[in-house]
Amino acid sequence: MGGFRPVSVLAMAPVLSLSSITKRFPGVVALDGVTLEIEAGEVHAVMGENGAGKSTLMKIAAGVHAPDAGAISVAGDTVRLRDAQTATALGIETVFQELTVLANRDVAQNIMIGVEPARLGGLMLDNRALYAQAQAVLDRLGIVIDAHMAVARLSAGERQMVEIARACAGTPRVLILDEPTSSLGRQEETLLFALIGRLKAAGVAIVYITHRMSEVFALSDRITVLRDGRHVVTGATSSFTRQALIRAMVGRDVEDRRRGAAIADLPEALTVRGLTRRGAVDAVDLTLHAGEVLGLAGLMGAGRTELARLIAAADKSDAGSMTLFGVPYQPGGVGEAIRQGVVYVSEDRKELGLVLGLSVADNIVLPGLRRFSRGGLLSLGAMKRAARQWMERLGVKAASPDTPVSTLSGGNQQKVVLAKWLSLEPRVILLDEPTRGVDVGAKAEIHERIRALADAGAAVLVISSELPEVLAVCDRIAVMAQGRIAGIVPAGEATEESLLDLAFAEAGLAVA
Amino acid sequence: MNADADAMDGGRTRRAARLLRDLLPYLGLILLVAYFSLASDFFFNARNFERLVTDSATLILVALGMTLVILVAEIDLSVGAVVALLSVILAQAMAAGLPWPVAVLLTVLAAMAIGTLNGVITVIGQIPSFIVTLGMMAIATGLAFIFTGAISVPILDETFLDLFYSVSLLGVPVPLMIVVVAFAALVVMLGRTAFGRELFAIGANIEAARLSGIAVRRNKIAVFAVMGLLVGVGAVLSASRLGSGAPGSSPSLTLDAIAAVIIGGASLFGGRASMVRTLLGALLIAVLNNGMVLLNVNVDSQFIVKGLIILLAVVLERLASAGGR
Amino acid sequence: MAADRSITRSNRAAARRAFLATSGIYLAFAILVIALAIVSPAFRTPENLINIGRQVAVLGIASFAMAFVIILGEIDLSIGAVASAAGVVCAMALAAGLGPLAIPIGLAVGAGFGLLNGILIVHVAVPSFIATLVSYFIAQGLALTLTTGQTILFAADWFRALFATGTLFGLRSALVWLVIVFAAMWWLLARTRFGAHIYAIGGSQESARMLGLAVDRMKIMVFTLAGALMGLVGMILIARIGNARADGAIGLEFDAIAAVVLGGTALGGGYGSILRTLVGVMLIGVMNNGLAILNIDFNSQQVIKGVLVIVIVLVDRWARNADQK
């Protein structure tokens, strides 16, 4: 598919050019001198592992973030994207990964936001035109949704389509799609792909971000790969093989580390039977053994995080039962789960894992604070000693235990998160995307730590969107789809393809 | 990395603002004391200082409680009205013939009940605390006037009045002693108990705190209950100082207490606060109140002065943390 | 980003709850009117109904301003004090013989405080309940200082006629202003891009920013507009009684919040309407009037309103929680 492009386009300046873009956030360099050139009428896939900097780059193109260094030009003219409005005015439309659909408005109001048909400079909204135009956009795109519907009543996939309709309502020169298929069903996906084909034919430049290999090879003309905030390679899609693409993303050949241990011989640590949370997790059965690392793979929104949160009692389940080392396990809250030795390490380090305002030491001792209480008073010396000990054990690089955790790099922050939970010496540990946004060195250290935990007898569950990581670290891999367990396979027998098949097969079933 | 960012543009202003913010309660207090000492012959003497603290005992106690509330990212707008209501309850309980210790106990228990109620509605009902406590303010004010028919209820029990106002133990007036004890207890609680330490985490990132196994809701309700306790004791001291239960007393107590906490450099978004600095902030307000009376400054313009001081404090806070958001 | 959980579509129970939540206010209004009409013959006279209309003019305008602010996702605690201050300044301008110039002056005082609120919230990043509390005290201090506790008299019949006592088409001019402001605010919120973007920002400030809406400018504009309307309220107040007092509009913010939440507007922003706010205003107006006729005094009314606000917000929160499940 796709190599065709009119010759005249090649002679013109790229419709969107981001050159040498650098962006820092407190504690991390998200982008380091990245250059990306997008031409009219092409579908340009941007690939990379989680934390590679794709979404940050797209937010810079959309005017949401300002770059710390670098230049942006549109059709050859250097521009400064002060805010999202400026980008939109230049014809750059974005469908963000975190949906921006407003749940308190109806479909038409969302699609036409900012460009509501009106007279007198916006003082007289033309509601009839609003709904007519919005419906026209939906019809043109072949999306079967009534423009009058309240967004609150739409499914996740329908909201995604509304978001796409909003981006296409004007006449975009560049359309950025950040993980647009993550919540779509098969039908909606087909619709989206047809739509992309038509837009491309009309000369719209499309930047497409996805984790799904099949989509990349089916849709894109060119591919750019980012890794750890740096540009790795750009080239025609036809010049890549699947394996080459993975190598570019991961930065090494994926070595397979398979363990032969017979899992069935290990003692059962946690059993889950029929665990359900309406709309997220559907009657899940799972057994986790002491001494094993169980991987939990699946697409975004498959219910992996939700399942882990149910086990850790961060959310309430609607049905199901669990046992912990043979004893019924029904924690009433996170505190109780922790006391029973079950901990959940969140994927969202900054929002949920750490308290950024506190020091490294305060973060490490936080969940076990009451254990340092002697007669009602805390032993500050013991707290500091424990924190220092765990910092050393995990190799946290910080000036002192009193350093604010917000000043640490992403990898070191993640080690603080691990220290915080490992200091409780848990029996069951649920790790959600434990290496997201950390550099390669720290990633390897964290992988070793995970293995060591299991070897020491803990039961470890690792949720990861990076299939190479799952294959390398885990003993068995469970794949979730649509809130259910689609299958459990020994890591020795699994390949990326077989895991993806499981993740998609179930999704296809549910749509039909 | 962070040092780099600091060294770059704005770093100097930010450091200056941070320094100024941290020094504000100290500097402000010293400057005010110096100014009033020069401007008034009656200000700088031990007798006046003792009276200043004794008179402000209620404010200090309430401000210390407000520190906890703001630390967990909540607010209590009802304290002024509740103190007035409690002083009325206390006076009427004594007028009805209850012995003063029973009346005091009753008052403090009522205060804790009101505080706990604020906490429960805020936390369990998931309603912003400014609305809950605004409602409580209306309720308390209304009840205080209904109970009294808008007339102050005199307190005639000499023992009670003496104990809280003129008698001193070891040369220290009783209100001052209560303030010292409460302050010490709160400093220990905040710095040296698991409960206190957890409050910082709750205020800075409530979801992370919950996922760390902290009983967020219970702790927040406890904060409102402690606030109630301090408000109750404050109300007893206020009633003993005025010698009556007055429904319209302490009109500016709520603002003064919030001002003290803000001058003390607490973050209005929660997670950062200090008892020591709130105490300084409260003393600063107390000196301002006392000095302006001595200088015969129009009482009304105090509102403007205090408003401007809070303004200065929040602007400094903003400059100090600029870029961090 | 947590996964979306809207797989379960609108089931019948949710629809029923939504219907109850939306129609509850009209039902409550009807029941209240019928009950009062049965209980009190004095209530159902035409004069009394006109009387109610006149009484709600001030509350109505204040509530419409408050509705804008709350739908935007913020709160304004300063409106009563700002209206008082604007009234006082305007009265002094009239007394000084400035004539019609007093009108822009009064509006400017209100708008100025609104602008201060907006700047504090947007550029100093202060939570709105604190920013507007600061304005509250500065405005109150200003009003008290300017009046030195006295009533400010002015002789300007044209002014009184224009804002309160005159009649147009048989309506008192205060009521005419209410109708004008109602129409303008309804139009602005329901029929303009400005209004559409207020809902968008109230729904999700972050999304609105990513979608390219000028969030900061909108916030400053809404608070300035609310402030200017408080200038108008201040002028209606002084025109009605022919003099100005520093506490002319004290507590207005509470009644306005009560009316807005009674009208089904959610604290937290994104939902609500001017029409329904008007019903909330009428409800408070009828309630105040009815309670007065039933000889229930002002203080009891305060208590009732305090309880009412908390209960209404609780019920609203409960209905929304249930709806999201």
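What counts and what doesn't
Residue positions are given per chain, counted from 1 along the sequence in the order it is written. Throughout, the order in which chains and ligands are written sets their labels, letters from A for the former and numbers from 1 for the latter. Restriction of local features to residues with pLDDT of at least 70 applies here, the model being predicted, together with a cutoff of 80 or more for giving and counting side-chain atom pairs; totals for whole chains, interfaces and linings are based on all residues. Remark: hydrogens and water are excluded; side-chain values derive from all non-hydrogen atoms of the structure. The way it works is that DSSP assigns letters per residue, a run of H or I at least four long becomes a helix, a run of E at least two long becomes a strand, and they are numbered from the N terminus. Put simply, the radius of gyration uses C-alpha atoms, and a globule should come to 2.2 Å times the residue count raised to 0.38. Every residue pair with non-hydrogen atoms within 4.5 Å of one another is taken to be in contact. Each residue is placed in one exposure class: buried if its accessible area under a 1.4 Å probe, protein chains only, is under 20% of its type's maximum, exposed if it is over 50%, and partly exposed if it falls in between. Computed by Shrake-Rupley with a 1.4 Å probe, the accessible areas treat only the displayed protein chains as cover when residues are assessed. Definition of a polar contact: a pair of N or O atoms within 3.5 Å, with one able to donate and the other able to accept a hydrogen when the atoms are protein atoms, and with sequence-neighbouring residues admitted only if both atoms are side-chain atoms. Positive charge is attributed to Lys and Arg, negative charge to Asp and Glu, and no charge count is given to His or to the chain ends. Salt-bridge detection follows one rule: a side-chain nitrogen of Lys or Arg within 4 Å of a carboxyl oxygen of Asp or Glu. Buried area is a sum: the accessible area each of two parts loses on coming together, probed at 1.4 Å, counted once for each and added. Only Asp, Glu, Lys and Arg are considered charged, only Ala, Val, Leu, Ile, Met, Phe, Trp, Tyr, Cys and Pro nonpolar, and every remaining residue, Gly among them, polar. What makes two strands pair is DSSP finding at least two bridges between them. For helices, the fitted line uses only the C-alpha atoms of the stretch in contact; every axis is such a line through C-alpha atoms, and the angle between N-to-C directions lies from 0 to 180 degrees. Our arc is simply the arc of the directions from the helix axis toward the C-beta atoms. Only buried residues count toward a nonpolar core. Its members are Ala, Val, Leu, Ile, Met, Phe, Trp, Tyr and Cys residues joined through side-chain atoms within 4.5 Å. Confidence of the predictor at the level of single residues is given by pLDDT, which spans 0 to 100. Throughout this description, any angle smaller than 35 degrees is read as roughly parallel, any larger than 145 degrees as roughly antiparallel, any in the 65 to 115 degree range as roughly perpendicular, and the remainder as oblique. Throughout, a crossing is termed right-handed when the near helix is turned clockwise from the far one, and left-handed when it is turned anticlockwise from it by less than a right angle. In summary, the pairing rule links any two rings of Phe, Tyr or Trp, Trp by its six-membered ring, whose centres are within 6.5 Å, and it sorts them by plane angle into stacked for under 30 degrees, edge-to-face for over 60 and tilted for everything else.

Glancing now at the overall build of chain B. A tally of helices and strands in chain B yields 15 helices and four strands. The C-alpha radius of gyration of chain B comes to 20 Å, within 12% of the 20 Å expected for a compact globule of 325 residues. Across its three principal directions, the C-alpha atoms of chain B cover 70 × 55 × 35 Å. Restricting to contacts in chain B with at least 6 residues of sequence separation, those with at least 24 account for 79%.

Right, let's talk about the overall build of chain C for a bit. Helix and strand counts for chain C come out as 13 helices and four strands. Here chain C has a C-alpha radius of gyration of 20 Å; the compact-globule value for 325 residues is 20 Å, and the two agree. Of all 325 residues assigned to chain C, the portion counted as buried reaches 56%. Nonlocal contacts in chain C, meaning residues at least 24 apart in sequence, comprise 77% of its contacts between residues at least 6 apart. As displayed, chain C has an accessible area near 12900 Å², and 67% of this comes from carbon and sulfur atoms.

Take helix H8 (residues 193-203) of chain C next. Among the eleven residues of H8(C), nine are classified as buried, and the element is accordingly described as predominantly covered. Of the residues making up H8(C), those classed as buried are Phe194(C), Gly195(C), Ala196(C), His197(C), Ile198(C), Tyr199(C), Ala200(C), Ile201(C) and Gly202(C). Residues of H8(C) that are buried make contact with strand E8 (124-125) of chain A together with helix H2 (46-71), helix H7 (173-191), helix H9 (205-210) and helix H10 (215-241) of chain C. The N-cap of H8(C), judged by a side-chain oxygen 3.4 Å from the amide nitrogen of Phe194(C) a few residues on, is Thr192(C).

Attention now goes to the side chain of Glu253(C). By the secondary structure assignment, Glu253(C) is in helix H11 (residues 252-262). It turns out Glu253(C) is buried and unbridged, and the closest side chain with the opposite charge, Lys305(C), is 11 Å from it.

This brings us to the interface of chain C and chain A. Between chain C and chain A, the contact holds 30 residues from the first and 34 residues from the second. Summed over both partners, the interface of chain C with chain A comes to about 2900 Å²; 56% of that surface belongs to carbon and sulfur atoms. Inspection of the region where chain C meets chain A yields one salt bridge. Where Glu116(A) meets Arg193(C), a salt bridge forms, and the shortest distance between an N and an O atom there is 3.4 Å. A per-element tally of the side of chain C that touches chain A places H8(C) first, with six residues. Looking at side-chain class alone, the side of chain C that touches chain A contains 14 nonpolar, nine polar and seven charged residues.

All names here are of chain A. With mixed pairing, six strands are arranged side by side in an open sheet as E18-E21-E22-E15-E23-E24. Looking at strand neighbours, the two that pair on one side only are strand E18 (342-345) and strand E24 (484-490), the edges of this open sheet. Averaged over neighbouring strand pairs, the angle between their axes works out to 20° when direction is ignored. Of the pairings in the sheet, the one linking E18 to strand E21 (residues 428-432) comprises four bridges and is parallel in character. Paired with Tyr-344 across the strands is Leu-430, a residue of E21.

Another point: the pairing of E21(A). Residues and elements named next belong to chain A. Across the five residues that make up E21, a large majority, five, are buried. Taking every second residue as pointing to the same face, both faces of E21 are buried, with Val-428, Leu-430 and Asp-432 on one and Ile-429 and Leu-431 on the other. Strand direction decides the pairing type here: E21 and strand E22 (residues 459-463), joined by five bridges, are parallel. Looking at E22, one finds that Val-428 is bridged to Ala-459.

Let's shift gears to the pattern of salt bridges. Evaluated as defined, the whole model comprises 31 salt bridges over all chains. Between Arg278(A) and Asp318(A) there is a salt bridge, and its shortest N-O distance comes to 3.9 Å. One end of the pair, Arg278(A), is in the loop between strand E13 (268-277) and strand E14 (281-289); the other, Asp318(A), is in the loop between helix H10 (304-311) and strand E16 (319-324), with 40 residues separating them in the sequence. When its relative accessible area of 57% is taken as the criterion, Arg278(A) is described as exposed. Here the salt bridges share partners, and the residues they tie into one network are Arg309(A), Asp315(A), Glu207(B) and Arg210(B).

Let us look at helix H6 (residues 157-165) of chain C. Residues and elements named next belong to chain C. Along H6, the positions that sit buried rather than exposed are Phe-159, Phe-163 and Ala-164. Looking down the long axis of H6, one finds its buried residues gathered within 80° of arc, a one-sided arrangement. Here the buried face of H6 lies against helix H3 (79-95), helix H4 (102-123), strand E3 (171-172), H7 and H10.

Turning next to the sheet that holds E13(A). All names here are of chain A. The sheet built from four strands is open, its strands ordered E14-E13-E16-E17 with antiparallel pairing. The open sheet has two free edges, formed respectively by E14 and strand E17 (327-328), since each of these has just one partner strand. In this structure, E16 lies alongside E17, joined through two bridges in antiparallel fashion. Directly across from Leu-324, in E17, lies its bridge partner Val-327. Each of E13, E14 and E16 is contacted by H10, which is oriented at about 115° to E13, the strand it contacts most.

Counting 214 residues, the largest nonpolar core has Leu199(B), Phe68(C), Ile75(C), Phe159(C), Ile198(C) and Met230(C) as its most contacted members. Among the elements that line this core, the one with the most residues is H2(C), at 15 residues. Apart from the residues lying within four places of it in its own chain, the contact partners of Phe159(C) are Cys90(C), Leu94(C), Ile103(C), Phe154(C), Met235(C), Ile238(C) and Ala239(C).

Okay, the confidence of the model for chain B next. Interpreting fine coordinate detail is not advised for predicted regions of low pLDDT. When the pLDDT values of chain B are averaged, the result is 87; 94% of them are 70 or greater. The low-confidence segment residues 1-9 of chain B, where pLDDT is below 50, has eight contacts with residues more than four positions distant or belonging to other chains.

Turning next to the confidence of the model for chain C. All names here are of chain C. In the predicted model, chain C carries a mean pLDDT of 86, and the fraction of residues at 70 or more is 91%. Below a pLDDT of 50 lies the segment residues 1-12, which in the model reaches 20 contacts outside its immediate sequence neighbourhood of four places, other chains included. Scoring the predicted complex yields pTM 0.84 and, for the interface, ipTM 0.82.

Residues and elements named next belong to chain A. Following the sequence through the fold, Asn-412 ends up in helix H15 (residues 410-422). Here Lys-397 takes part through its backbone nitrogen, which lies 2.7 Å from a polar atom of the side chain of Asn-412. If we ignore the near neighbours within four places in the chain, the residues touching Asn-412 are Gly-395, Val-396 and Lys-397.

Contacts between the two partners involve 36 residues from chain C, matched on the other side by 37 residues from chain B. Between chain C and chain B, the buried area comes to about 3200 Å², and carbon and sulfur atoms account for 83% of it. On the chain C side of the interface with chain B, the three residues burying the most area are Phe129(C), Phe137(C) and Ile310(C), jointly 18% of the side's total. On inspection of chain C and its partner chain B, the count reaches zero salt bridges.

A few words on the packing of H4(C) against helix H5 (residues 128-147) of chain C. Relative orientation and spacing of two packed helices are given, respectively, by the angle between their axes and the distance between those axes. Residue and element names in this part refer to chain C. Contact geometry for H4 and H5: axes closest at 9 Å, N-to-C directions at 150°. As summarised for this structure, H4 and H5 are arranged roughly antiparallel, according to the angle between their axes. Handedness of the H4/H5 crossing: right-handed. Of the residues in H5, those in contact with Phe-113, Leu-116, Asn-117, Leu-120 and Ile-121 of H4 are Ser-128, Ala-131, Thr-132, Ser-135, Ile-138, Ala-139 and Leu-142.

All names here are of chain A. Within strand E15 (residues 293-298), six of the six residues are buried, which leaves the element mostly enclosed by the surrounding structure. Residues Val-293, Gly-295 and Ala-297 line one face of E15 and the alternating positions Leu-294, Leu-296 and Gly-298 line the opposite face, and both faces are buried. In the sheet, E15 pairs with E22 via four bridges, with the strands oriented parallel. Across the sheet, the residue bridging to Leu-294 is Leu-461, located in E22.

Before going further, it helps to spend a moment on the packing of aromatic side chains. Residues and elements named next belong to chain C. Inspection of every chain in the model, using the stated rule, returns 13 aromatic pairs over all chains. Measuring from centroid to centroid gives 5.7 Å for Trp-158 and Phe-159, while their planes differ by 90°, and the two rings are edge-to-face. Here Phe-159 falls in the buried class, since its relative accessible area comes to 0%.

All names here are of chain A. Within the element layout of this structure, Leu-502 appears in helix H18 (residues 496-511). Sequence-wise, Leu-502 and Ala-419 are 83 residues apart; in three dimensions their C-alpha atoms are separated by 34 Å. If we ignore the near neighbours within four places in the chain, the residues touching Leu-502 are Val-479, Ala-481, Ala-486 and Gly-487.

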